[in-house]
Amino acid sequence: MIHLHATAGRPGDLHLWAEQEQARPRTRGGADGPPRHPFAADADALIALTRDRGLPVGLPAPMVVTLPSGERAPLRSDVTGAGSLAAWRVPTLRYAAAQAAELLPAIAADPSPATGGTSIAYFARAVDLALSMLAAGRVLPGLVTNEDAFEARWRAHPDAVLDRRLHELAAAMPPVCRAGVETGSGHPLSAFLDGIVDAIAREALRGRGPLPGSGRSLAARWLRALTTTGSTVSGDAPELLALGAELDAWRRAALSPSAPFRTCFRLEEPVGEEGEEAPAQPWRVSLLLQALEEPSLVVPAEQVWQAAGPLRTLDHVLDHPQEHLLRDLGRASRLWPDLESALAVRSPTELELDVRGAHRFLRETAPLLQQGGYGVLLPSWWGHSRNRLGVRARAAGSRSAADSGTGTGLLGMEGICDYRWEVALGDDTIDLRELRAMASLKVPMVNVRGRWVEVQQDDLRRAIAFFEKTGDGTDQALPTDLLRAALGLEESGTGLPVVGVEAEGWLGDLLGGTSETTAQPLPSPSLLNGVLRPYQERGLGWMSFLGRHGLGACLADDMGLGKTIQLLALLLNEGGETGPTLLVCPTSVVGNWQREAERFAPSLRVHVHHGSGRRRGPELTDEAGHADLVITTYPLVVRDREILESVSWHRIALDEAQHIKNSQSQQAQAVRSLRAPRRVALTGTPVENRLSELWSIMQFLNPGLLGSASDFRRRFAVPIERYQDDAAATALRRLTGPFMLRRLKTDRSIIADLPEKVEMKVVCTLTREQATLYQAVLDDMMERIESSEGIERRGLVLATMTKLQQVLDHPAHFLGDGSPLPGRSGKLTRLEEVLEEALAEGDKALCFTRFAVMGSLLREHLERQLGREVLFLHGGTPRRARDEMVARFQSPAGPPVFVLSIRAGGTGLNLTAANHVIHFDRWWNPAVEQQATDRAFRIGQRRDVQVRTLLCMGTLEERIDRMMEEKRRLAGSIVGDGEGWLTELSTGELRDLVQLSREGVEG
């Protein structure tokens, strides 16, 4: 087993090295420098490790690091505050900044034990910060000295928010990260960030050619060096030093502008149209002064030159405005050498450009000037998608095989759409003649029908060749392919970006994301023993709409909104002559589905494929042929996969579809192997932990819609989960929206007669006994965790969390000694108070705990304390006893308090007699806790529901609650892989998480 570490080099490089379990023979230091680190892995092992994980391989480069050390060897790198510092030689792999930007996120996301600790995670956070600066445009060009050379470099230019993040990150740098940097050489984070920013900015600009500027002047050479592979700027040293000083002064001015005005450049397009035969007319860049506090207030340069004294406008006063403008224009000419011609005039007011110069200004110069702190005003159409030349797919019709009873939904070539590509500019279609005319102009921007458009000659040539080859561009595709094309996830084959997809009828509704609102609601079927609510009628119509066209539907209504009755109504609506529907559900709810079918749809012929006497082979085929609904379980789909595959199913429906959230599991693979022209998934939590779960469900419903698993991770999961990419999140919602219908109980437009749900965190204090036990467990377990690794470490982390949670529940729970309960737990005291208040009002309450032992203790104690019967449900409760408890609790005269193990009682129960829900301890997964809460907050509830979560102040419960809230961004439950994220914390992070704060202890 080896442990990876990352250490900063100079200037801005990153070195990867590792410690291993077995020590090498100790070598003494000598003329070659310090001794070799006895536990350091050699370069070959590092290379093998990176290659095995598909990571980029760095350049072998030995390095001297300063580490806390004992008499004979360095201490482990995760040990701080002990030993004296000593220098050691370690083999490393050196990575330039561009490689590090690719390497670090990949290592940080690797769940293997060899991913190292805080140093890897730290530099991965630094890469995130650099990407944030780039995304916000907070970078500036500069000139830095590297030994005897001068290099053009892009440098970080943070705003107030990013600067605060930068200082916080710099203060948090683990010692091992800077172990290879000489004392007094500056903070290595700044050099590392500048290296990342420079590498990514240079790569982004490289494909666009050199920055504006021609000739052999020093400024031109510096500009070219900002986009080329070589960053060195040659020239006379004094001139280079002077340029560097000017750029530093400019950078400081950009960071803290002191004048109330700044120089501004406004690009103005020619008046009139420029067509194929029209003469070229000049563009103009007007020079202005712009008020910093009121950007809409600008003063033309003509007025500046005419001013006889200070420039006064409203509350703004600028002394010596002419000098200010000239000084700014001189500095700006370093970024835009074309400006030098305007400075040759005594009082410059504007600069004329041809169309190529205007395009360079829009594409390259304007961003540079903006980053340099100058104002830039551009035509309103620039950057607008309606002024982008692209292609649009226009669907001419569709043929849905699902209607005719043939095909298998989206698994084959059914639902084929005829469509053709057309070149589009906004709402206008551009024909082949106009394409040829634009290509003949050979300019980067053309005026088409009074609208300026940016065009690339290569794109025009490819588009012309495509249409000359295919004629009218007609082709065929699946509806989901067109939806992906509409979001830019499919190539058009023309070389132009896809700017839209248009269709009519049901396909237009689907592609427009309005299928739920345009699919006609269906009334309650005549054979339904009940009446659907309006939103359920809309859900029925939506599922029927998608089913008719062979498209899978995910009914993701909030728990308690009646997904079961909507599916049963769908079967009744089809009349029973269409063939059997296979329903796959958890074993625990098989009986519930039987009862609900008997209650709401007694005319349906239901067969349960479960138990040791279940039908097999031809017997099952015959039984299914005479049934409308066949109910089975997820484990049996795996076990009886071959038998179930042999049946011709009309529909496959999944209840609690999150059971296939792991796409590689046997359950998911077995379910996907079953074939049917219609598919439905029912789940209140389509995303519990990670976006990959959504991919797995959608891959069952509409295979290929979200691309391959790796493509989905690259396009959506990583950008959304790691970088909170709003554009990727929006694209994913648009892509899945037509196939997912989710309504919430809190939405009054959906269900107006459901009462309110009031959620609150109840902070509890620890008794002194709890605090003492907590600290003792913490000290003992942390020492063991620090000396462990791999699977053993993960097990110890979970054991520690469990023991600390038991202490926070009650000392008697942790000790298991049968000792008395009263007065020893802050949580228990608060629970008693809440229940006494509830019972005094005649209310009923549910109390959830993750521990069956604690549940048993609570039942016995609360019965004595409250003088009332308390029910207790756990995983070992027989089914008949479970049903009896539920019936008694629901009856008006039944027991008022129900203690439940959250694993056994968190799903499949209707407990609307309770209007208080108390989470005595945390499951640490919001989706699971929400399911438990919804035992009471569901249809049938008539009173407001109060939900209390008990938290011990200053302990791991309070800190984990805060971490869960921060991670609650993907369907409200992104907390890593269940509880697995807890075990991946570094030792330092773990110590911070579980340490005891004195403020939460009584007295």
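Conventions used here
- Residues numbered from 1 in each chain as written.
- Predicted model: local features only at pLDDT ≥ 70, side-chain atom pairs only at ≥ 80, totals over all residues.
- Heavy atoms only, no water.
- Helix = DSSP H or I, 4+ residues; strand = E, 2+ residues; numbered from the N terminus.
- Buried < 20%, exposed > 50% of the residue type's maximum accessible area, 1.4 Å probe, protein only.
- Areas by Shrake-Rupley, 256 points an atom, 1.4 Å probe, with all protein chains shown as cover.
- Core = buried A, V, L, I, M, F, W, Y, C linked by side-chain atoms within 4.5 Å.
- Pairing = 2+ DSSP bridges.
- pLDDT = per-residue confidence, 0-100.
- Contact = heavy atoms within 4.5 Å.
- Disulfide = S-S within 2.5 Å.
- Phe/Tyr/Trp six-rings, centres within 6.5 Å; stacked < 30°, edge-to-face > 60°.
- Lys NZ or Arg CZ within 6 Å of the ring centre and 35° of its normal.

### Quick look at the overall build of the protein
- Looking only at helices and strands, one finds 38 helices and 35 strands in the protein.
- Counting over 1003 residues, the protein shows a buried share of 53%.
- Summed over all atoms, the accessible surface of the protein reaches about 43700 Å², with 49% contributed by carbon and sulfur.

### Some remarks on the environment of proline 337
- Along the polypeptide, proline 337 turns up in the loop between helix 9 (321-335) and helix 10 (340-343).
- Residues proline 337 and alanine 219, spaced 118 residues apart in sequence, show a C-alpha to C-alpha distance of 7.5 Å.

### Description of the nonpolar core
- Core analysis: the biggest nonpolar cluster contains 118 residues, and Phe123, Trp222, Phe265 and Phe361 have the highest contact counts within it.
- In terms of residue count, the dominant contributor to this core is helix 3 (residues 118-135) (9 residues).

### Some remarks on the environment of glutamate 688
- When you line up the elements, glutamate 688 lands in the loop between strand 28 (679-682) and helix 25 (691-701).
- Linking glutamate 688 and asparagine 925, residues 237 residues apart in sequence, is a C-alpha distance of 8.1 Å.

### Side note on unusual backbone geometry
- In this structure, lysine 442 is a non-glycine residue whose phi angle is positive, near 55 degrees.
- Looking at the element boundaries, lysine 442 is found in the loop between helix 13 (432-441) and strand 19 (445-448).
- Of note in this structure, glutamate 656 is not a glycine but carries a positive phi near 50 degrees.
- Counting through the fold element by element, glutamate 656 comes out in the loop between strand 27 (651-655) and helix 24 (666-673).

### Structural notes on helix 6 (residues 218-225)
- With respect to burial, helix 6 is a largely interior element, 6 of its 8 residues being buried.
- Taken residue by residue, helix 6 has Leu218, Ala219, Ala220, Trp222, Leu223 and Ala225 as its buried positions.

### Some remarks on the sheet that holds strand 6 (residues 93-95)
- Ordered by their spatial adjacency, 4 strands build an open sheet running 1-2-6-3, and the pairing between neighbours is antiparallel. Two strands close off the open sheet at either side, each with one partner strand: strand 1 (2-8) and strand 3 (59-60).
- Pairing of strand 1 with strand 2 (residues 14-20), which is carried by 7 bridges, proceeds in the antiparallel orientation. Note on strand 2: the bridge partner recorded for alanine 8 is leucine 14.

### Brief notes about the confidence of the model for the protein
- Considering every residue of the protein, the mean pLDDT works out to 79; 80% of them sit at 70 or more.
- Low confidence marks residues 970-985, where pLDDT is under 50. Its contacts with residues over four positions away, or in another chain, come to 57 contacts.

### Focus: the state of the cysteines
- Taken as a whole and judged by the stated rule, the model has 0 disulfides.
- Here cysteine 952 stays free of any disulfide, with the sulfur of cysteine 764 as its closest cysteine sulfur at 5.5 Å.
- Exposure remark for cysteine 952: the relative accessible area of 0% places this residue in the buried category.

### Notes on the packing of aromatic side chains
- Applying the stated criterion to the full structure yields 10 aromatic pairs.
- With 5.0 Å between their ring centres and 65 degrees between their planes, phenylalanine 123 and phenylalanine 192 make a pair best called edge-to-face. Pair noted here: phenylalanine 123 is in helix 3 and phenylalanine 192 is in helix 5 (residues 188-206), with a separation of 69 residues, a long-range link. With respect to class, phenylalanine 123 is no different from phenylalanine 192; both count as buried.
- Positioned above the aromatic ring of phenylalanine 889 is the side chain of lysine 844, whose terminal nitrogen or guanidinium carbon lies 5.1 Å from the ring centre.

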